[in-house]
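# Overview (structure and organization)
Chain by chain, the residues:
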Amino acid sequence: MDVRIPEIPASYDAYRDELRAFIAKHVPTLEMKPRSGLRVPDTAEDVEAQRNFVRALHDAGYRQDRFQAHDGDPFEQRILQQALSTVPEAAMGNPLVAGALKLFGTDDQKAKYLPPISRGDHIWSQLFSEPNAGSDLSNLKTRADLDGDVYVVNGQKVWTTWAQWSDYGYLLARTEPTPGPAGITAFVLDMKLPGVDVRPLREITGTTDFNEVFLTDVRVPVTDVIGQPGNGWKVTNMSLAMERSGIGGGGGGAVVGELIDAARLHNRRGRSAIEADDVRQGLARLAARSRIHRAIGHKIATRAAKGKLSVSDAPIGKIWFGELNLAMCEFALRLQGPRSALTEGDPAAYLDGVWQDRFLYARAWTIAGGSNEIMRNMIAERGLGLPKEPRGS
Amino acid sequence: MDVRIPEIPASYDAYRDELRAFIAKHVPTLEMKPRSGLRVPDTAEDVEAQRNFVRALHDAGYRQDRFQAHDGDPFEQRILQQALSTVPEAAMGNPLVAGALKLFGTDDQKAKYLPPISRGDHIWSQLFSEPNAGSDLSNLKTRADLDGDVYVVNGQKVWTTWAQWSDYGYLLARTEPTPGPAGITAFVLDMKLPGVDVRPLREITGTTDFNEVFLTDVRVPVTDVIGQPGNGWKVTNMSLAMERSGIGGGGGGAVVGELIDAARLHNRRGRSAIEADDVRQGLARLAARSRIHRAIGHKIATRAAKGKLSVSDAPIGKIWFGELNLAMCEFALRLQGPRSALTEGDPAAYLDGVWQDRFLYARAWTIAGGSNEIMRNMIAERGLGLPKEPRGS
Amino acid sequence: MDFDFNDDQDLLRATTRAYLEKRSSIASRRPLLESPEVFDRRVWEEGAELGWTALLVATEYEGGSVSDQPLVDLVVLAEEFGRTLQPGPLIPTNVVADAIARFGSVEQRRAHLPGIVAGKTVAAWCMTADGSPDLGGISLRATTGPDGGFTLTGTAGYVHGATVADLFLVTAASEAGPAQFLVPATSAGVSVRRLVTLDLTRRFGEVHFDAVAVPAANELATGDSAVDVHNRALAVATVLQGAEAVGAAEHLFAVTLQYSKDRIQFGRPIGSFQAIKHRMADLAISVEAMRAATHYAALALADGLDDADEAIATAGSYVTEAHAFLCGECLQLTGGIGFTWEHDVHLFLRRARTDEVLYGDPPWHREELCRLITSTRTKEQP
Amino acid sequence: MDFDFNDDQDLLRATTRAYLEKRSSIASRRPLLESPEVFDRRVWEEGAELGWTALLVATEYEGGSVSDQPLVDLVVLAEEFGRTLQPGPLIPTNVVADAIARFGSVEQRRAHLPGIVAGKTVAAWCMTADGSPDLGGISLRATTGPDGGFTLTGTAGYVHGATVADLFLVTAASEAGPAQFLVPATSAGVSVRRLVTLDLTRRFGEVHFDAVAVPAANELATGDSAVDVHNRALAVATVLQGAEAVGAAEHLFAVTLQYSKDRIQFGRPIGSFQAIKHRMADLAISVEAMRAATHYAALALADGLDDADEAIATAGSYVTEAHAFLCGECLQLTGGIGFTWEHDVHLFLRRARTDEVLYGDPPWHREELCRLITSTRTKEQP
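Parameters and conventions
- Residues numbered from 1 in each chain as written.
- Chains lettered and ligands numbered in written order.
- Predicted model: local features only at pLDDT ≥ 70, side-chain atom pairs only at ≥ 80, totals over all residues.
- Heavy atoms only, no water.
- Domains from an automatic or database assignment.
- Contact = heavy atoms within 4.5 Å.
- Buried area = accessible area lost by both parts, 1.4 Å probe.
- Salt bridge = Lys/Arg side-chain N within 4 Å of Asp/Glu carboxyl O.
- Polar contact = N/O pair within 3.5 Å; in protein donor to acceptor, adjacent residues only side chain to side chain.
- Least-squares fit on C-alpha atoms with pLDDT ≥ 70 in both.
- Helix = DSSP H or I, 4+ residues; strand = E, 2+ residues; numbered from the N terminus.
- Pairing = 2+ DSSP bridges.
- Nonpolar A, V, L, I, M, F, W, Y, C, P; charged D, E, K, R; others polar.

## Observations regarding the domain arrangement of chain C
Residue and element names in this part refer to chain C. The assigned domain composition of chain C is domain 1 (7-117), domain 2 (123-221) and domain 3 (226-380). Distance from the C-alpha centre of domain 1 to the C-alpha centre of domain 2: 22 Å. Each partner contributes residues to the interface: domain 1 has 25 residues there, and domain 2 has 20 residues. For the pair domain 1 and domain 2, the two sides together bury roughly 1900 Å², of which 62% comes from carbon and sulfur. When the buried area of domain 1 at its contact with domain 2 is split by residue, Leu33, Val96 and Gln108 rank highest and sum to 24% of it. For Asp166, the salt bridge identified is with Arg41, shortest N-O distance 3.3 Å. At the surface where domain 1 touches domain 2, the tally comes to 12 residue pairs in polar contact (both at pLDDT 80 or more).

What follows is the structure, given as structure tokens:
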């Protein structure tokens, strides 16, 4: 039993130092407030600044293998990922399509789309959810009707991150009128095509991280189908599984540290909250859950490496992360007592309201990408073999 | 708004004093260990001692109106109920049938059965649940086939409290072969009839509070039908609703006091547990839930008095009580730390293991009389109007 | 036993609800969510005619209640305020009116109560600087001047209504112990900083007192009597805060229940899925519990029942926390649609999280409850 | 990255499971539940041949492991012990073997380890009197005699295996601080009172030492070194206790899952009701979490990873508590049938509740974890 990953040899120190120096030199200062991590910029200037930063990284040879058809040097990749994980300015768009293209794309598609994703030349978004196809994604109604060598697409998408700044969309639409998963096809959608209308959507956080996308008689060439027509459900599930295990794989250790800071700073009945037994017990509960999250990640990674992933793995990781993240945000608010009422913009708000924003945004992790309710169904039905819920008429 | 009940006039002091003296004089000392309240005696001697005590009370004029067709003096009734609520030796059998007989019985049945219940001459039990009709009571399979002026009953009942000492049973059986609630009939069953075979059932507590009852060609006169044939589901629901609101109506104040005692006595890391903030917060949570239980009881009693009971009232009371009771038992065990491993019979066990027994028995309140899962369904479907679960084939 | 509102209170509710829906609905206030001020003085004055500020005041000062349990009447109003997320400082104004009516001199009553009742004087309660109900959290100092008057210096935080208040009830530490003063907002040296809060439906302020001169006649209470004023104010505020939470929870629950019946996924209303059904059942139980806890606390305080302190602490321990949980559940069950700015659920959630901490947060009330029940147990079991 | 058992460990599991099912199934031990003793020395000796007592002992003392992570090997055994609710003192015997192997003199190793490995010497660990891992909870006193030997007087409580043990590892307070001694059960003055416990599948004892003479050669450690012995023993016991809980939870969950597929109500398997399905999903998540926490703690302790202490405290905080909750849920989901004496679910529940408190209850481990993470945070953020 072993969870160690090979230590990075000292010979890579120079690479790391250069990378850090490069990032420090090139990372842009955005207009946008970072709040709880960078989400989506408000201005085209910020987008351009991010794009230039990603290009500069790419052109200097710092290329992440998840965007590319071939893998880089493993140690360099690890150093690169570690370094970029704390630089939200380098995260741009929703790169989910890269996995789909790698698994199902034609050589032409790979050549055409993967390098520009990697370089930051193309920003992508994911056009899956619809107003009546959220939890029940297979109920999507967007139509793509074959007309010669194009599909004519009509419909409405929602919850599309980065759509307002995207060059391309990873689109699911129905090419056959049968209900359910059959007849769904995955496409590359050029967002500049006529008939694509993006309307930013404001969320409960007050920020605009998502969009509605209206599609009216958009003409998509047949060469932009990903995989085979009617095969979109399979393409999607593979990429969603990758996304979910990604969500589940994040760490939580840093956040527990922030909770300790908050518990030390805030008072309860005249003493530091961290001296109260219930606060200490609560902190330990969250720390334990956070450490267990990492250990579950090791289990899943081990099964992935052995090709023995269970259908429950990604949902377990996603539920555990989503609920832990929410619990941590709630705990952080409660530690602040009355001060928890203050938020971003108030000079007395704790850390300029970052926890208040995180608390509101936390529901994105329990609702989006398959709500926790859908995840529990997947575990019960596909993982445990319990009978499926009957579908209504 | 008012939750006061009229004060008992001082003129009743003599009645109360006499009653207390009477109880003190006549209450039997049973062989059986009281543990967490008297449940069901182990020996015929104990049963006879209880019976004599109930008779003595009755013959001295102490008659509870719930067992009778007419009501007594309200102040005397309150004094009597208060006094007997702390004397488990006076509780004998399952008197649920009294309500059914009062609402649906013939004059003959009332005359024949109610006075002996009141006097303790007849002990009753309730023959509802079956091995395959627990949560789904309407699925009961026990057949009662008409043969002239008797019904011939065949089937198996389970979870029958007091059956091993009962004279009569309140029986549900199917008189028509249609499935579901229709075709169910309620009966008086003379437990001494040939073909009635009672087998005590041992529970997880180690005690024998319930029984299995096997019924083989038992011949029940048609005059022992309660209400109309085929009407048993209605008869039952009325009496179950009475039972559930009874379960929900119990207090919890005394128990919170016992938790305080336990928290004071036991130590955590070298000091009394009650000094730890998490213990104090936990105690307060339980105390608040206990007080809210009482307040919910006032709400339900008010609606009952106005004839505006909701179908959710009894399930809410039952769930709240059952979960609170379990939480209190778990809290009490955790307060004891390592000592919680000791139970009845060990000289070092806290209060001779009463909490350990209560903890195990607590599930009777969350499973029996309609499990909390069934109660939630009732609230959702009948109270909130959400769609019903489809029944399988 | 009649643990319910009476006909007059039902009528008060109907009148209030109709008025609020017409003149101050959530939808009508949507454009003001991010504006500096959301309070509408005309609405407040019209509301005053409907009794919003009169219930705890005797008729000789223009007040009057609809029952002999004015606090219970006020619970009706607070529930309606919660239901429609009203901006108006119903709780602080009535807390101040109650304090003056119960503890004020005849002159103080005459000076302030008619204006409050008429809706002309909006009042706010400066409890402490850090928002905790512990009197140790007061940063305000009152020094006695040679003329018998006082000089107030310091800050009070998290004051609902501070940005529009005409009169402050101010708790300060004086040489004679804690003391309360009535301070007009126009007094020299008083300034208010508007806070940026999670709640978007109300406005809160930090009130600064920079050597504010307060005449001796404006001293409401001092020493033990000031502690009584404080405890009474906190009890009234806790009950009314609970009532606002009850009204809000009832409404949001009803909206979410309806959504679960209307929203179709997998060809079925999502409310037909048993996991959702059972969560709705749990929320229904919780709403009933919130209601029972709040109404009992109101009744116990109104009638001075023996267990009033425990009843208040019980409500403070449970209600706002259960409400915040309910709002989170309703957000989760409303899914993506509930995650949009345009849906009201976040307004309920933001306000619920703020309610939790305004008048003693649930852990604070639980510590109170634990203290009360353990001291009783000692008495009973010597 | 290979966070799983290897082939040899899988084989060890298969062999152990087959042996236990054949020789010591739950069903076969049913008649003994209420008898004074439930331990079968023949089973233990046969188990010794399968490695139950050898893994933490070096080959020169007849021991041997199947991998270079003996503690992980032992986790496999403990999981199988939990799965079948074994009575044998696997945890204490191995804790004592480990203590002697790591901290004992060559003479002590020679004297005791071969007997333990052979299954001839059953060992038990006398931690403290009150069952808490705090060394302040020791009631045992060791006084030094003129011959350099010691006299032990006092009590140790909650000792698993005490009723059948041949050798005790005893922690006592000596003049030089805490100290550990190896005390044969046959020593004059040693007596064992069998405890009546909630758990029916194991036997525990209170061990009394009435002026028991212990030769100096039987002193294992003293002072700081004794604290090391204690901490090491507690860490090993916490990991193995977690592993027993994992094995038990996996089995009970599987049984309950199958029940939910087989039990028909309302014409459908109860496992087809979504509220039940989601609870089963939650239990599946919890089993995965218990497993991950326990295996990581085992690995961290086996390999001496930097975060071993946090890993142990994490397992101690979570695993037994989650297991007890799972048993309660399984009882609820099994309904009336689970409420009978004849169904095994109560045996799991009773044992789980006992497991929670044997080697530091979850609140104790959480306080440890909080202490560890806050001291780290100080270091990182000066």
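Now that the structure has been shown, the text picks up again.
## With respect to the relation of the copies chain C and chain D
Superposing chain C onto chain D takes a rotation of 180° combined with a translation of 0.0 Å along the rotation axis, leaving an RMSD of 0.0 Å. Within this description, the copies of the chain are treated as partners about a two-fold rotation axis. For chain C, the minimum C-alpha distance to the rotation axis belongs to Ala275 of chain C and amounts to 2.0 Å. Of the interface residues in chain C, 100% have counterparts in chain D that sit at the interface too, so the contact is made through matching surfaces.

## Focus on the interface of chain B and chain C
Taken together, the 44 residues of chain B in the interface contact 49 residues of chain C. Of the roughly 4300 Å² buried where chain B meets chain C, counting both sides, 62% is carbon and sulfur surface. By the criterion of area lost to chain C, the three top residues of chain B are Met1, Arg291 and Lys299 of chain B, representing 19% of everything that side buries. The tally of links from chain B across to chain C stands at 11 salt bridges. Connecting chain B to chain C are 25 residue pairs in polar contact (both at pLDDT 80 or more). If one sorts the elements of the side of chain B that touches chain C by residue count, helix 8 (residues 277-305) of chain B sits on top with 16 residues.

## What to know about the pairing of strand 7 (residues 204-214) of chain C
Looking at chain direction, strand 3 (residues 150-160) of chain C and strand 7 of chain C are connected through eight bridges and run antiparallel. The partner of Leu152 of chain C across the bridge, within strand 7 of chain C, is Val212 of chain C.

## Focus: the interface of chain C and chain D
On the chain D side, the residues contacting the five residues of chain C number five residues. Summing both sides of the interface, chain C and chain D together bury roughly 360 Å²; the carbon and sulfur share of this comes to 56%. Put simply, chain C and chain D have zero salt bridges between them. Linking chain C to chain D there are three residue pairs in polar contact (both at pLDDT 80 or more). In terms of residue class, the side of chain C that touches chain D is built from three nonpolar, two polar and no charged.

## Re the domain arrangement of chain A
Interface size is commonly expressed as the accessible surface area that is lost when the partners come together. Residue and element names in this part refer to chain A. One can read the domain layout of chain A as domain 1 (10-92), domain 2 (126-230) and domain 3 (247-383). Between the C-alpha centres of domain 1 and domain 2 the distance comes to 29 Å. Of the residues lining the interface, 12 residues belong to domain 1; the matching set on domain 2 comes to nine residues. Where domain 1 touches domain 2, the interface holds two salt bridges. Between Asp167 and Arg51 there is a salt bridge, with its nearest N and O atoms 3.4 Å apart.

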